[in-house]
Amino acid sequence: MIQSLVFIVLLAAGAGLFARQVVRIRRNIFLGRPLDRTDRPADRWKTMARVALGQSKMVSRPVAGFFHILIYVGFVLINIEVLEIVIDGIFGTHRIFKPLLGDFYNVVIGFFEVLGVGVLLACVVFLWRRNVQPLARFKSPEMTGWPTLDANLILIIEIVLMSALLLMNAAEANMPDKGGYLVSNMLAPIFAGVSPEGLHLIERVCWWLHIVGILAFLNYLPYSKHFHIIMAFPNTWYAQLEPAGQLSNMESVKKEVALMMDPNANPYAAPADGAEAPGRFGAKDVQDLPWKSLLDAYSCTECGRCTSVCPANTTGKLLSPRKIMMDTRDRLAEVGANIDKNGSFVDDGKSLLGDYITAEEIQACTTCNACVEACPVLINPVSIITELRRYQAMEASQVPSEWGLMFGNIENNGAPWQFPAADRFAWADNLTVNSKKNEA
Amino acid sequence: MSTTLKIDTMAELAARGEAPEILFWVGCAGSFDDRARRITRAFAAILHEVGIKFAVLGTEESCTGDPAKRAGNEFLFQMQAMQNIQVMNMYEVKKIVTACPHCFNTLKNEYPDLGGNYEVLHHATLLQQLINEGRIKVQGGGTFKGKRITFHDSCYLGRANGIYEAPRAVLEALDADLVEMKRSKANGLCCGAGGAQMFKEAEKGNKEVNIERMDDVLESKAEVVAAACPFCMTMLTDGIKNKEKESSIHVYDLAELVAKANGLID
Ligand code: SF4
Ligand code: SF4
């Protein structure tokens, strides 16, 4: 009875705190600029099913892909058991599904145990890959400190959770009235000779450790790259369906260009009623980015696949697409905390461009889309880079001087180089070929 | 037989009350850059040889605005786009082919929203179609029979627009020994010129991107690197010069390879 009460209070607190955090993150994401990503819903569901549910992008790196899918499948299926744990916890029952499912229950739990071992194994492999094997993508500058600790914590927590589950069952395996399952029967000798009271205590401790651990983990997610286990789904659904090379045409600029090209337009005409004041061109801070870029930031797994294929990064430039995503999230979290504290955003004298991301970084991008292609959850770092460049070019007028010259050339000669427009057709002068067409 | 070609402009055709089958969009590199002009000439020769009625805008063509857009100057991009769209809509252009993947991407993906709706092809796709239709034949095995050729994917053709097979189909028609580089297709490595990098020095690093790409080129042991982009052409050629391999490794555009194999150009 007491146990049930304690459980219900913990469950409500865990779920409530998580919900509050999710509401805050949703608010943060919609600080971004509007963008319509609801067209072609059928294609969006398909993309989500393929990339998030089906993990299609993970397998391009077979080792990481295999173990990741193991953890993913294990996580999703073992959570079915959490449903039973929650019901048991609330009503003070024990393995409520067992009498309902009979022998099949033993098969299912046995299967979950095998998955649990798989998850454990995969977590150990991942810890080894991150800490022992020198994988370059886990050693970049942006990974120092918290991001590396975060990744290790997640793996350790998962190992603890899986161990608790297996040890709980192993304790039960030694109880004559209960009995174990496929893997726990093999683990049973660990607790051989423990008194019935001792076994019961071990079983209870593991049960509580498992469920409290899960609730704590749930509330850890929003502060961690592990949030991707949820965000991967909306993020792939809202991903760009147009070809990767297609950049949006800025609506605000369209209006101005139309005015400039229309000889009859009155440039001094008052804006129509209800017309919003023209905002900033491009992005200086997170609020200037389209909301999808902010969703991207919360979805990033910090896996570094993007950075490991980035031509700028691999040739030693400062640019790292992963850092672009991490900086965007960190700044957004800071802006969010500012709003929580002050009710609405109070200028803190900082901005994404300048305080987090430097001009040198964004200027190095070749817009090659290798990062977009590599990302397992369809994040687009290039769209953030482009928005920051737009601010640099159109608001701050701080582009590399060669780009300034290039702009001037296009404006004056219609070409990025300083060639006279009149020579554009000179390639066709004296165009002599060995044609066979007129031979006959 | 040596023939001197006369390239029609849209203005000339319009004056005669005619319209071409296709507009050949030459692009800035193809118009001004010495090396890229040779690609333009080779492609024009092919179009002429297969008897496609084509025309160019000539001096009425202007930069698509791609480098301005990628460098952040959306104003300049849209000004350029509106100007080009006005010209093309005036000539009632329906179909465009271009040998530049950057022009291709911009014309195909970014112009429609600004009022420029055309069927846009990259020359790799058109060449593949012509080969499939039997309109281009590589006589007697051609110059490249059995040669080790590798294809360098342009970012704006490959990842940006998903075109990987058309250029390879063209190379296969040459009866060449097509080999892939370590990083190819969706994993292809950029030449370093995209996103307006062509027009400025690279940021501080430990290597140039095109030099990094040379590792893949050399490892493939190819004698010919096929490109499908005038910027890739520049970067690859410079990279090979840097490695002092210009006597053993040659860079050609797809159009040049087809034109050479057909004996249209030397
Ligand atoms: S698009 Fe830019 S950031 Fe992304 S991989 Fe290419 S150079 Fe790096
Ligand atoms: S952006 Fe994508 S590929 Fe890059 S670190 Fe984040 S999840 Fe990984």
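Residues numbered from 1 in each chain as written. Chains lettered and ligands numbered in written order. Predicted model: local features only at pLDDT ≥ 70, side-chain atom pairs only at ≥ 80, totals over all residues. Heavy atoms only, no water.

Draft legend 1. View of the overall build of chain B. Scanning chain B from terminus to terminus reveals 11 helices and 9 strands. In terms of overall size, chain B behaves like a compact globule, its C-alpha atoms giving a radius of gyration of 18 Å where 266 residues would be expected to give roughly 18 Å. Dimensions along the principal axes, computed over C-alpha positions, put chain B at roughly 50 × 50 × 30 Å. The long-range share in chain B, meaning contacts at least 24 apart out of those at least 6 apart in sequence, stands at 78%. (Helix = DSSP H or I, 4+ residues; strand = E, 2+ residues; numbered from the N terminus. Rg over C-alpha atoms; globule rule 2.2 N^0.38 Å. Contact = heavy atoms within 4.5 Å.)

Draft legend 2. Region of the structure containing the packing of aromatic side chains. Counted according to the given criterion, the structure contains 25 aromatic pairs over all chains. With centroids separated by 5.4 Å and ring planes inclined at 40°, the aromatic side chains of A:Phe30 and A:Trp291 adopt a geometry described as tilted. Here A:Phe30, found in the loop between α1 (2-29) and α2 (41-53), pairs with A:Trp291, found in helix α11 (residues 291-299); they are 261 residues apart in sequence, far enough to count as distant. Assessed through its relative accessible area of 8%, A:Trp291 is described here as buried. Where B:Phe199 meets B:Phe231, the ring centres are 6.0 Å apart and the plane angle is 85°; that geometry is what we call edge-to-face. Of this pair, B:Phe199 sits in the loop between β7 (177-179) and α9 (209-220) while B:Phe231 sits in helix α10 (residues 230-242), placing them 32 residues apart in sequence. Each member of the pair B:Phe199 and B:Phe231 is classed as buried. Aromatic ring contacts, followed pair by pair, group A:Phe30, A:Trp45, A:Trp237, A:Tyr238 and A:Trp291 into a single cluster. Between the NZ or CZ atom of A:Arg44 and the centre of the ring of A:Trp237, over which it lies, the distance is 5.8 Å. Residue placement shows A:Arg130 over the ring face of A:Phe138; its charged tip is 4.0 Å from the ring centre. (Phe/Tyr/Trp six-rings, centres within 6.5 Å; stacked < 30°, edge-to-face > 60°. Buried < 20%, exposed > 50% of the residue type's maximum accessible area, 1.4 Å probe, protein only. Lys NZ or Arg CZ within 6 Å of the ring centre and 35° of its normal.)

Draft legend 3. Representation of the site of ligand 2. Residue and element names in this part refer to chain A. Neighbouring ligand 2 are Cys300, Thr301, Glu302, Cys303, Gly304, Arg305, Cys306, Arg322, Met325, Cys375, Pro376 and Ile379. Secondary structure elements with two or more residues in the shell around ligand 2: α12 (305-309) and α14 (321-342). Of the residues belonging to the shell around ligand 2, the class tally is 7 nonpolar, 2 polar and 3 charged. (Near = heavy atom within 4 Å. Nonpolar A, V, L, I, M, F, W, Y, C, P; charged D, E, K, R; others polar.)

Draft legend 4. Region of interest: the domain arrangement of chain B. Residues and elements named next belong to chain B. The assigned domain composition of chain B is domain 1 (10-127) and domain 2 (137-261). The centre of domain 1, based on its C-alpha atoms, is set 23 Å off from the matching centre of domain 2. Each partner contributes residues to the interface: domain 1 has 24 residues there, and domain 2 has 26 residues. When domain 1 packs against domain 2, the two sides together hide about 2,000 Å² of surface, and 73% of this comes from carbon and sulfur. At the boundary of domain 1 with domain 2, the tally comes to 1 salt bridge. Taken together, domain 1 and domain 2 are joined by 8 residue pairs in polar contact (both at pLDDT 80 or more). Tallying contributions element by element places helix α3 (residues 34-50) first for the side of domain 1 that touches domain 2, with 7 residues. Of the residues assigned to the side of domain 1 that touches domain 2, the class counts are 14 nonpolar, 6 polar and 4 charged. (Domains from an automatic or database assignment. Buried area = accessible area lost by both parts, 1.4 Å probe. Salt bridge = Lys/Arg side-chain N within 4 Å of Asp/Glu carboxyl O. Polar contact = N/O pair within 3.5 Å; in protein donor to acceptor, adjacent residues only side chain to side chain.)

Draft legend 5. A look at the nonpolar core. Counting residues in hydrophobic clusters, the biggest one holds 110 residues, and the most contacted among them are A:Trp427, B:Ile7, B:Phe24, B:Met88, B:Ile96 and B:Leu254. In terms of residue count, α3(B) provides more of this core than any other element does, 9 residues in total. Every residue in contact with B:Ile7, bar those within four places of it in the chain, is listed here: A:Phe425, A:Trp427, A:Ala428, A:Leu431, B:Glu12, B:Ala44, B:Phe54 and B:Val56. Core analysis: the second largest hydrophobic core is formed by 41 residues, A:Val286, A:Leu289, A:Leu319 and A:Ile385 among them. (Core = buried A, V, L, I, M, F, W, Y, C linked by side-chain atoms within 4.5 Å.)

Draft legend 6. The arrangement of the interface of chain B and chain A in detail. With 85 residues of chain B at the contact, the number on the chain A side is 68 residues. Our enumeration of links across chain B and chain A arrives at 3 salt bridges. The partner of B:Glu74 in a salt bridge is A:Arg390, and the shortest N-O contact between them spans 3.4 Å. Where chain B packs against chain A, one counts 40 residue pairs in polar contact (both at pLDDT 80 or more). Only β1 (2-5), α2 (27-32), α3, α4 (66-70), α5 (74-90), α6 (101-110) and α9 of chain B provide two or more residues apiece to the side of chain B that touches chain A. Per element, the largest residue contribution to the side of chain B that touches chain A is 10 residues, and it comes from α5(B).

Draft legend 7. Summary view of the sheet that holds strand β8 (residues 224-227) of chain B. All names here are of chain B. As summarised here, the arrangement of the 4 strands in space is β7-β6-β8-β9, forming an open sheet in which the pairing is parallel. Of all the strands in the sheet, just β7 and β9 (250-253) have a single pairing partner and so form its edges. Across the sheet, the mean angle separating the axes of adjacent strands is 35° when strand polarity is ignored. Direction of pairing for strand β6 (residues 148-151) relative to β8: parallel, over a ladder of 3 bridges. Among the inter-strand pairings, Thr150 is bridged to a residue of β8, identified as Val225. Of the strands in this sheet, β6, β7 and β8 touch helix α8 (residues 165-173), which is tilted by about 170° from β6. (Pairing = 2+ DSSP bridges. Axes fitted to C-alpha atoms, helices over the stretch in contact; angles between N-to-C directions.)

Draft legend 8. Fine view of the pairing of strand β2 (residues 22-25) of chain B. All names here are of chain B. Of the two faces of β2, the one carrying Ile22 and Phe24 and the one carrying Leu23 and Trp25 are both buried. For β2 and strand β3 (residues 54-55), the ladder comprises 2 bridges, and the chain directions are parallel. From the neighbouring strand, Leu23 faces β3, where its bridge partner is Ala55. Where β2 lies against strand β4 (residues 95-98), 3 bridges are found, and the strand directions are parallel. Bridging across to β4, Leu23 finds its partner in Ile96.

Draft legend 9. Structural context of the domain arrangement of chain A. All names here are of chain A. Structurally, chain A comprises domain 1 (2-30 + 61-237) and domain 2 (251-261 + 281-415). Centre-to-centre separation of domain 1 and domain 2, based on C-alpha positions: 37 Å. Between domain 1 and domain 2, the contact holds 23 residues from the first and 28 residues from the second. Of the roughly 2,200 Å² buried between domain 1 and domain 2 on both sides combined, carbon and sulfur atoms contribute 55%. Looking only at domain 1, the three residues that lose the most surface to domain 2 are Ile29, Glu142 and Asn235, adding up to 29% of its buried area. Taken together, domain 1 and domain 2 are joined by 3 salt bridges. A salt bridge links Arg24 to Asp340; its shortest N-O distance comes to 3.5 Å. In this structure, the connection of domain 1 to domain 2 is made through 14 residue pairs in polar contact (both at pLDDT 80 or more). Listing elements by their share of the side of domain 1 that touches domain 2, those giving two or more residues are α1 and α9 (228-237). The biggest single contributor to the side of domain 1 that touches domain 2 is α9, with 6 residues. Class assignment for the residues of the side of domain 1 that touches domain 2 results in 11 nonpolar, 6 polar and 6 charged.

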